[in-house]
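A structural walkthrough
In case you want the letters, here they are:
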Amino acid sequence: ICQEENTLRELRIFLRDICAKLARNKQFFMFTKPVDVEEVPDYLDIIKEPMDLETLMSKIDKHSYICARDFLDDIDLIVRNALEYNPDKSAEDKHIRHRACSLRDKAYAFIKAEMDSDFEDTCRDIRDKR
Ligand SMILES: CC(=O)c1nc(NC(=O)[C@H]2CNCCN2)sc1-c1cc(O)cc(O)c1
């Protein structure tokens, strides 16, 4: 069990680093904080499960993720929300959709580049045993 805690600690350190890198990227500023309903009043009528990089970071600290897959599921939620809220052919909506797809690709690339697959397998085994 102590070994499991060591593995999960390493995962949290790793995910914080990736989350920080994504949040530092100016391209993703609109995904870094919960949507401000003052700015975007109809947002919560359309998006039922908001997600953002700051919330992701606090979920890491609350030990909400015990494998990279769970973390990427929340990244996918950020992307899905942006695609749903910005469906129009307008330049603005296209731009936001493009940024959302770029966020997903960068997140997956960071995970793939820096996580060896047997570390993720170990995390999955811990998740599946719990
Ligand atoms: C993150 C997101 O999905 C988002 N989408 C927007 N879309 C629009 O404003 C489109 C919707 N279609 C009609 C033309 N306007 S604004 C916006 C946003 C931007 C911020 O700077 C902060 C924030 O919290 C949210």
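Here's what I pulled together on the structure shown here. Source: prediction; values computed, not measured.

1. Here we look at the state of the cysteines
Applying the stated rule across the entire model yields 0 disulfides. Not engaged in a disulfide, the cysteine C19 finds its nearest cysteine sulfur in C67; these two sulfurs lie 16 Å apart. With no disulfide partner, C67 has as its closest neighbouring cysteine sulfur the one in C123, 6.7 Å distant.

2. Looking at the side chain of D52
Within the fold, D52 resides in the loop between α2 (43-46) and α3 (53-61). Although buried, D52 forms no salt bridge, and the nearest oppositely charged side chain, K33, lies 7.0 Å from it. Among the polar contacts made by the side chain of D52, one reaches the main-chain amide nitrogen of E54 at a distance of 2.9 Å. A polar side-chain atom of D52 sits 2.5 Å from a polar atom in the side chain of T55.

3. Some details on the pattern of salt bridges
Throughout the structure, instances matching the rule amount to 13 salt bridges. Of the charged contacts in the structure, one is a salt bridge between E4 and R130, with a shortest N-O distance of 3.3 Å. Placement of the pair is E4 in helix α1 (residues 2-24) and R130 in the segment after α6 (117-129), with a sequence separation of 126 residues. A salt bridge links R69 to D73, with the nearest nitrogen and oxygen atoms 2.9 Å apart. Highlighted residues: R69 and D73, both in helix α4 (residues 68-85), separated by 4 residues, approximately one helical turn. Residue class for D73 comes out partly exposed when judged on its relative accessible area of 37%.

4. Some remarks on the packing of α1 against α3
Two numbers describe how α1 lies on α3: the axes approach to 10 Å, and their chain directions differ by 170°. With respect to α3, the axis of α1 lies roughly antiparallel. Along this stretch, α1 crosses α3, giving a crossing that reads as left-handed. The segment α1 lies against α3, with R12, L15, R16, C19, A20, L22 and A23 engaging L53, L56, M57, I60 and D61. Within the contact of α1 with α3, the residues separate by chemical class into 9 nonpolar, no polar and 3 charged.

5. Remarks on the site of the ligand
F29, M30, V35, D36, E39, V40, Y85, N86, D88, E92, D93 and I96 make up every residue found near the ligand. Separating a nitrogen atom of the ligand from a side-chain N or O atom of E92 is a distance of 3.1 Å. Here the ligand has 540 Å² of accessible area as a free molecule, and 74% of this is covered by the chains. Tallying contributions element by element places helix α5 (residues 91-114) first for the shell around the ligand, with 3 residues. Among the residues forming the shell around the ligand, the class breakdown is 6 nonpolar, 1 polar and 5 charged.

6. As for the side chain of D76
Looking at the element boundaries, D76 is found in helix α4. D76 sits in the buried class, given a relative accessible area of 15%. Side chain to side chain, D76 and R69 meet in a polar contact 3.3 Å long. What D76 contacts, discounting residues up to four positions off in sequence, is R69, R104 and Y108.

Cut-offs applied
- Residues numbered from 1 in each chain as written.
- Predicted model: local features only at pLDDT ≥ 70, side-chain atom pairs only at ≥ 80, totals over all residues.
- Heavy atoms only, no water.
- Disulfide = S-S within 2.5 Å.
- Helix = DSSP H or I, 4+ residues; strand = E, 2+ residues; numbered from the N terminus.
- Buried < 20%, exposed > 50% of the residue type's maximum accessible area, 1.4 Å probe, protein only.
- Lys, Arg positive; Asp, Glu negative; His and termini not counted.
- Salt bridge = Lys/Arg side-chain N within 4 Å of Asp/Glu carboxyl O.
- Polar contact = N/O pair within 3.5 Å; in protein donor to acceptor, adjacent residues only side chain to side chain.
- Axes fitted to C-alpha atoms, helices over the stretch in contact; angles between N-to-C directions.
- Parallel < 35°, antiparallel > 145°, perpendicular 65-115°, else oblique.
- Left-handed = near helix turned anticlockwise from the far one by under 90°.
- Contact = heavy atoms within 4.5 Å.
- Nonpolar A, V, L, I, M, F, W, Y, C, P; charged D, E, K, R; others polar.
- Near = heavy atom within 4 Å.
- Areas by Shrake-Rupley, 256 points an atom, 1.4 Å probe, with all protein chains shown as cover.

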